Amino acid sequence: RNSVRDARRLEGEIDRIASSRTVLDPSKPVGSRNLGEQSWPLWGADFGLGMSLTGARSWHQIVPEIKAGVGFLSDLKGGSDVGGFKYGTRFALTWGAALRYVPSNGSRYQLRADLTNRLSSIRYPDVYFRPTTSGVPPILTGKDQSVWRNNPSLSIGLSYLFSR
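Residues numbered from 1 in each chain as written. Predicted model: local features only at pLDDT ≥ 70, side-chain atom pairs only at ≥ 80, totals over all residues. Heavy atoms only, no water.

(A) Quick look at the packing of aromatic side chains. Tallied over the full model, the rule gives 4 aromatic pairs. Ring plane angle 80° and centroid distance 6.5 Å describe the contact between Phe-72 and Phe-91, whose orientation is recorded as edge-to-face. Placement of the pair is Phe-72 in strand 5 (residues 62–74) and Phe-91 in strand 6 (residues 89–101), with a sequence separation of 19 residues. Under the relative-accessibility criterion, Phe-91 is labelled partly exposed at 41%. Through a chain of ring-to-ring contacts, three or more aromatic side chains come together here, namely Phe-85, Tyr-124 and Tyr-128. Cation over ring: Arg-21 sits above Trp-40, and NZ or CZ is 4.8 Å from the ring centre. (Phe/Tyr/Trp six-rings, centres within 6.5 Å; stacked < 30°, edge-to-face > 60°. Helix = DSSP H or I, 4+ residues; strand = E, 2+ residues; numbered from the N terminus. Buried < 20%, exposed > 50% of the residue type's maximum accessible area, 1.4 Å probe, protein only. Lys NZ or Arg CZ within 6 Å of the ring centre and 35° of its normal.)

(B) View of unusual backbone geometry. Residue His-60 is not a glycine yet carries a positive backbone phi of 55°. Tracing the sequence through the fold places His-60 in the loop between strand 4 (42–52) and strand 5. The class for His-60 is exposed, based on a relative accessible area of 60%. Residues other than glycine seldom take positive phi values, yet Gln-61 does so here, at roughly 70°.

(C) Region of the structure containing the sheet that holds strand 1 (residues 8–17). The strand order across the open sheet formed by 6 strands is 1-4-5-6-7-8, and the pairing between neighbours is antiparallel. Pairing within the sheet leaves two strands with one partner each, and these edge strands are strand 1 and strand 8 (146–160). The average undirected angle you get between the axes of adjacent strands in this sheet is 20°. As paired elements, strand 4 and strand 5 share 10 bridges and run antiparallel to each other. Note that in strand 5 the partner of Ala-45 across the bridge is Phe-72. (Pairing = 2+ DSSP bridges. Axes fitted to C-alpha atoms, helices over the stretch in contact; angles between N-to-C directions.)

(D) Structural view of the pattern of salt bridges. The tally for this structure, following the rule as stated, stands at 10 salt bridges. The salt bridge involving Asp-15 is made with Arg-118; its shortest N-O contact spans 2.5 Å. In this pair, Asp-15 sits in strand 1 while Arg-118 sits in strand 7 (residues 109–123), placing the two residues 103 residues apart along the sequence. Of the two residues, Asp-15 and Arg-118, both sit in the buried class. Among the ionic pairs, Glu-65 bridges to Arg-100, the shortest N-O distance being 2.5 Å. Pair noted here: Glu-65 is in strand 5 and Arg-100 is in strand 6, with a separation of 35 residues, a long-range link. By the burial criterion, Glu-65 is buried, and Arg-100 matches it. Several salt bridges share partner residues, and in doing so they unite Glu-11, Glu-13, Asp-15, Asp-46, Glu-65, Lys-67, Arg-100, Arg-112, Asp-114 and Arg-118 into one network. (Salt bridge = Lys/Arg side-chain N within 4 Å of Asp/Glu carboxyl O.)

(E) Region of interest: the environment of Ser-19. As for its position among the elements, Ser-19 is in the loop between strand 1 and strand 2 (20–24). Look at Ser-19 and you get partly exposed, because its relative accessible area is 23%. Sequence separation of Ser-19 and Leu-161 is 142 residues, and the distance between their C-alpha atoms is 30 Å. Residues contacting Ser-19, with those up to four places away along its chain left out, are Gln-38, Ser-39, Trp-40, Pro-41 and Leu-42. One polar contact links the side chain of Ser-19 to the main-chain carbonyl oxygen of Trp-40, over a distance of 2.4 Å. (Contact = heavy atoms within 4.5 Å. Polar contact = N/O pair within 3.5 Å; in protein donor to acceptor, adjacent residues only side chain to side chain.)

(F) Representation of the environment of Ile-139. One can find Ile-139 in the loop between strand 7 and strand 8. Looking at Ile-139, the relative accessible area reads 22%, which means it is partly exposed. When the C-alpha positions of Ile-139 and Leu-24 are compared, they lie 8.6 Å apart, and in sequence the two are 115 residues distant. Those residues in contact with Ile-139, other than ones at most four positions away along the chain, are Leu-24, Pro-26, Arg-33 and Tyr-128.

Here it is, written out as structure tokens:
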């Protein structure tokens, strides 16, 4: 077992999440509302607490961890799409698990694999819930206008320890 000095620590992340969404135009007839899939990257920033499940030790140079925190997700777009949808900037709760590879030579570099979930809300525009003036049925019926969505991600990276 190797000694791991940072069994609990503060963590911060800034991420670009490559995502896409289906753009809908509520004013068009049902068969032609779908305008296709468009790239819609999100940016995330969060901070929280991470904790080693093996305490101040590793198991075969592997350290399993859990983490939780708070942050924000944003699409960094100023306006809404043709259907009136705008993601904007949203508060997010984050939690997850990680595996860290800790070299036995005391190196400040470590390899990481993180599975993180970001829970954030989205709000659909009013026009999604009401028929248009031309009698076209609404996109959504009987659903909440604001919903919470899970956004899981897997990342693999390199960490640098500033104090060791």
